[in-house]
Amino acid sequence: MEALGERAHAAQSSPSPLVGEGRGGGSGSCGTAVPPLPTPTPDPSPQGGGEKRGPAQPLLSVRSLVKHFGGRRSFSGRSIRGAVHAVDGVSFDVAKGQTLGIVGESGCGKSTLARLIMQIIPADAGEFLFDGEVVGTHALDLVAYRREVQMVFQDSYASLNPRLTVEETVAFAPRVHGLSRRAAIARAHDLIFRVGLDPKRFAARYPHELSGGQRQRVNIARALALQPRLVILDEAVSALDKSVEAQVLNLLIDLKSEFGLTYVFISHDLNVVRFMSDRVLVMYLGKVVELGPSEVLLGAPRHPYTMALLASMPSMDPDRRTTEAPLFGDPPSPIDPPSGCRFHTRCKFAAPVCAATEPVLAEIGPAHRAACFLAMPGSGHPQAGPIA
Amino acid sequence: MLVYILKRLLYVTPVVIGVSIICFLLVHIAPGDPLSAILPADATQELVEQMRAAYGFDRPLPVQYALWFWKVVHGDLGTSIATGRSVATEVMRAVSNTLILATVATVIGFTFGAFFGFVAGYFRDRWLDKVASLISVLGVSVPHYWLGMVLVIIFSANLNWLPPTGAGPDGSVAWRPDLEHLRYIILPAITMSVIPMGVISRTVRALVADILGQEFVQGLRAKGLREFGVFRHVVTNAAPTALAVMGLQLGYLLGGSILIETVFSWPGSGFLLNAAIFQRDLPLLQGTILVLALFFVALNLAVDVVQTAVDPRIKRT
Amino acid sequence: MAVTIDLSRDAPIAPPPYPPTGAEEGRAARGYWAGVGRRVVRDPVALAAALVIIVIVFAAILAPWLGLADPYRGSMLRRLRPIADAVYRLGSDELGRDMLSRLVYGGRLSLLMGVLPVVFAFSAGSAIGIVAGFVGGWVNTAIMRTVDVFYAFPSVLLAIALSGALGAGIFNAIVSLTIVFTPPIARVAESVTTQIRTRDYVEAARVSGAGPLAIIRVHVLGNVLGPIFVYATSLISVSLILASGLSFLGLGSKPPEPEWGLMLNTLRTAIYVQPLVAALPGAMIFITSIAFNLLSDGLRSAMEVR
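Residues numbered from 1 in each chain as written. Chains lettered and ligands numbered in written order. Predicted model: local features only at pLDDT ≥ 70, side-chain atom pairs only at ≥ 80, totals over all residues.

### Structural notes on the overall build of chain C
Within chain C, the secondary structure is distributed over 10 helices and zero strands. Shown N-terminal to C-terminal, the secondary structure of chain C runs as helices and strands in the order α-α-α-α-α-α-α-α-α-α. Per-residue burial over chain C gives 46% buried out of 306 residues. Sequence-distant contacts, at least 24 apart, represent 70% of the contacts inside chain C between residues at least 6 apart. (Helix = DSSP H or I, 4+ residues; strand = E, 2+ residues; numbered from the N terminus. Buried ≥ 20, exposed ≤ 12 C-beta atoms within 10 Å, placed from the backbone. Contact = placed C-beta atoms within 7 Å.)

### Some thoughts on the interface of chain B and chain C
Counting residues at the interface gives 39 residues for chain B and 33 residues for chain C. At the level of secondary structure, the elements contributing two or more residues to the side of chain B that touches chain C comprise helix H1 (2–29), helix H5 (127–141), helix H6 (144–158), helix H9 (227–255), helix H10 (258–264), helix H11 (269–278) and helix H12 (282–310) of chain B. When residues of the side of chain B that touches chain C are assigned to their parent elements, the largest contribution, eight residues, is made by H1 of chain B. Across the side of chain B that touches chain C, the residue classes tally to 32 nonpolar, seven polar and no charged. (Nonpolar A, V, L, I, M, F, W, Y, C, P; charged D, E, K, R; others polar.)

### Brief notes about the nonpolar core
With 260 residues, the main nonpolar core has Ile192, Ile232 and Val264 of chain A together with Ala293 of chain B as its most contacted residues. Among the elements that line this core, the one with the most residues is helix H8 (residues 212–249) of chain C, at 16 residues. Of the residues that make up this core, three or more belong to each of domain 1 (94–121 + 142–277) and domain 2 (295–316 + 325–375) of chain A. Apart from the residues lying within four places of it in its own chain, the contact partners of Val264 of chain A are Val94, Leu100, Ile102, Ile117, Leu230 and Ile232 of chain A. (Core = buried A, V, L, I, M, F, W, Y, C linked by C-beta atoms within 7 Å. Domains from an automatic or database assignment.)

### With respect to the domain arrangement of chain A
Residues and elements named next belong to chain A. The domain boundaries assigned to chain A delineate domain 1 (94–121 + 142–277) and domain 2 (295–316 + 325–375). When each unit is reduced to the centre of its C-alpha atoms, the spacing between domain 1 and domain 2 is 31 Å. Tallying the contact residues gives four residues for domain 1 and six residues for domain 2. Its residues assigned to classes, the side of domain 1 that touches domain 2 comprises one nonpolar, one polar and two charged.

Shown next, in the form of structure tokens:
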């Protein structure tokens with residue numbers, strides 16, 4: 001945990017102005033205890049870490065998740081044609097206290113993935129394990145799961161009910177789970193304070209009286225109201241101005257250590273993902289193409305798509321200009337994905353084997369996986385090395 | 001496009017069946033025995049039973065409905081109790097009169113309404129807009145039967161320029177487009193046109209104001225297009241919706257003509273409806289309502305199809 | 001030390017003393033409707049319309065205490081007197097009854113027959129539409145198609161058909177008008193609810209584990225009832241005209257009750273004798289209808305401002 005905290009502060013020298021000081025009372029208590037939710041399980045301690053299964057158990061495990069939208073059944077009823085393959089067999093783990101960044105272009109399925117994890121939409125196939133328990137069973141039913149996992153949406157304005165004040169919005173979830181109105185409002189005020197807004201000034205305001213950054217802070221406070229352990233941030237800072245974005249990101253990092261949270265951070269902005277994440281997962285057309293520690297993956301990517309994404313980021317250095325487009329063509333339609341490796345139609349290194357067979361997500365380094373024949377020695381790709 | 005029309009027809013079929021069910025049931029929610037209108041109070045029990053069997057009132061409701069529906073599909077709407085004539089012929093004659101009146105009224109209403117609407121939309125928030133908007137609100141709020149009375153007071157009773165009632169001289173039952181009959185249609189048509197004028201004016205104002213605020217208009221002006229050219233663009237953009245509203249208003253006038261036709265004794269479907277209600281002529285009532293409702297449904301469908309055909313933004317699948 | 005830029009709008013401030021003092025300081029919780037009300041009051045046209053309605057309504061309610069003549073007592077000698085007559089301020093009708101008194105008393109029935117159906121239709125239509133919109137799926141389709149069947153009739157026709165079938169009378173007229181106005185309100189309610197149902201904050205509420213009733217109560221109702229209400233107010237003037245129209249045809253209130261539409265009917269033959277008196281009841285309908293329309297327009301503009 002400490003190493004991550006250091007890393008976050010070290011990264012602050014990157015080009016984002018911020019207001020670091022002034023967080024004042026910052027972490028932890030300011031005296032009066034905030035009433036806890038009436039729960040059957042004991043409250044998780046602020047240091048996080050695993051209660052049920054220990055710190056080594058991944059907090060979230062996703063196995064072979066599949067979600068197709070629409071499409072019509074063929075005459076015999078056996079196959080579905082014309083379905084959008086939004087998420088097609090995605091598997092990954094998120095360790096406790098970590099931040100997993102998920103990147104990809106529009107249409108790659110990241111938002112669908114977020115909603116699948118939140119169980120807002122039902123999956124067609126696949127399994128979720130939260131802290132080792134299968135979600136949906138007696139040991140961890142949906143209601144309990146909802147308490148543990150929460151989400152922050154992208155559009156800060158549309159995610160707040162325009163008729164409710166800030167404190168009413170944040171207090172809604174605790175009230176639903178049985179807290180009295182006074183206690184829920186007190187908890188709301190505490191959270192509003194912790195996300196950096198003065199409750200005296202902001203608690204009674206309406207969303208249209210707040211700026212974008214303030215609204216997103218309220219969204220974060222609402223997400224934390226049920227004391228979740230996992231927070232999914234679906235493009236949570238994408239709609240904010242750069243300066244505000246920096247403040248909100250730093251707030252998220254502080255809250256993570258304060259509350260012992262685990263994040264799944266979805267974004268299309270590679271700089272932000274680099275700043276926030278410990279591990280990065282790259283998605284393309286519903287599949288995971290690369291997964292690994294963020295320095296390794298973003299420093300020395302092995303999958304051609306990741307390489308292209310990184311090459312597309314404009315640099316401030318005039319000597320490093322991009323003269324040719326790193327990616328050509330348009331992303332293919334998710335309704336009829338290409339055969340074999342889905343990226344082969346746009347890949348510089350494409351070989352016949354790429355169109356024929358679909359690569360599996362395989363280990364190519366310590367905790368680093370990629371789904372590419374180029375990266376796998378002995379795969380049949382002419383440029384892959386022999387099996388060592 | 002053809003597929004779209006077929007799909008819409010398919011979609012509308014359950015609605016049509018529902019409409020026919022309601023028309024059928026109307027007669028049966030009426031309090032009292034339907035036969036009481038036909039037979040005198042002192043009819044013998046035997047006669048009552050005979051008539052009941054003859055009209056089919058002794059069968060269960062769904063069977064009655066099926067029989068009635070079968071006859072309707074073949075064009076037989078029954079016989080009028082009051083006049084003894086076929087309901088279908090009476091209704092068709094009356095509907096044609098109303099159609100003439102409603103069409104004239106809609107054209108007048110659309111012309112003035114579009115004019116006021118354009119003025120209001122172009123001069124938005126200036127005094128011209130306020131005047132034109134006021135006229136539209138007046139148009140929409142006026143009780144048209146009262147307006148008819150007022151116009152009769154002014155133009156018939158006081159000035160004696162126009163006849164107060166009827167569709168033609170000597171109480172003729174049909175209106176023909178010739179000079180003699182022209183005087184008879186003026187007052188009813190103007191009265192009838194006021195509400196559509198108000199509605200169309202408000203719609204057009206909103207449309208024009210919206211279109212003028214869009215960026216492409218600024219683009220047109222920036223490239224130097226003269227005001228009349230811009231105006232033509234506005235018209236082509238506003239036309240589909242405005243015409244759709246006009247079509248719907250025609251439908252409302254067709255169905256809702258009873259009040260004005262009562263004031264002016266215009267021999268149309270509304271007048272027929274009035275007579276049917278007060279004479280408790282149930283077959284006539286049923287038949288008239290059914291025909292009018294079906295006209296309305298058909299008109300809605302036509303408006304829908306035309307709008308889809310004309311507006312390039314709507315998908316045709 | 002890196003340069004810090006003070007963006008004080010977003011900057012957090014020193015912690016307040018605990019426990020938090022609540023919402024007294026800072027802006028008072030401004031209700032949404034308080035804001036709307038303020039904007040309406042500042043609109044001169046809407047304000048004037050509201051005043052007109054208030055005057056008419058209060059006159060109708062307080063009629064027995066306003067020192068008016070008996071609206072039922074006629075005099076065969078003093079029939080159809082003109083306006084500004086010595087005895088009758090606004091003239092007398094075809095049975096010698098005082099017009100001013102009958103107009104004020106007539107407001108009671110006319111307003112009742114005009115406003116009640118919209119009130120009932122608002123309740124029924126909102127319930128139907130919100131349920132259909134929130135549940136979605138085949139339930140929605142089934143409900144809305146049934147509503148569509150009633151929508152297939154032009155409103156005047158449906159009102160007259162129902163009234164004609166049920167028979168004359170105030171109660172029947174109110175029933176038939178309620179049936180006429182419920183489908184359009186249900187449609188608007190369903191449309192608005194379907195829009196709100198897909199908003200992020202409703203999803204967020206679902207995600208916090210709230211049940212559908214709590215979500216509807218807290219998140220949906222507050223956002224949905226406003227637009228439905230404004231639409232319903234725009235129907236009041238139509239309802240007024242239709243209700244009086246039914247009475248005009250003899251399908252609503254029955255003589256000798258004072259009611260504007262009925263009065264228009266009975267005074268029809270008098271247009272050659274006392275045209276101004278004969279036109280008075282309709283003028284009342286006209287004025288009231290304009291006032292409701294202007295007020296409804298004012299409400300709609302007040303609600304559009306964000």
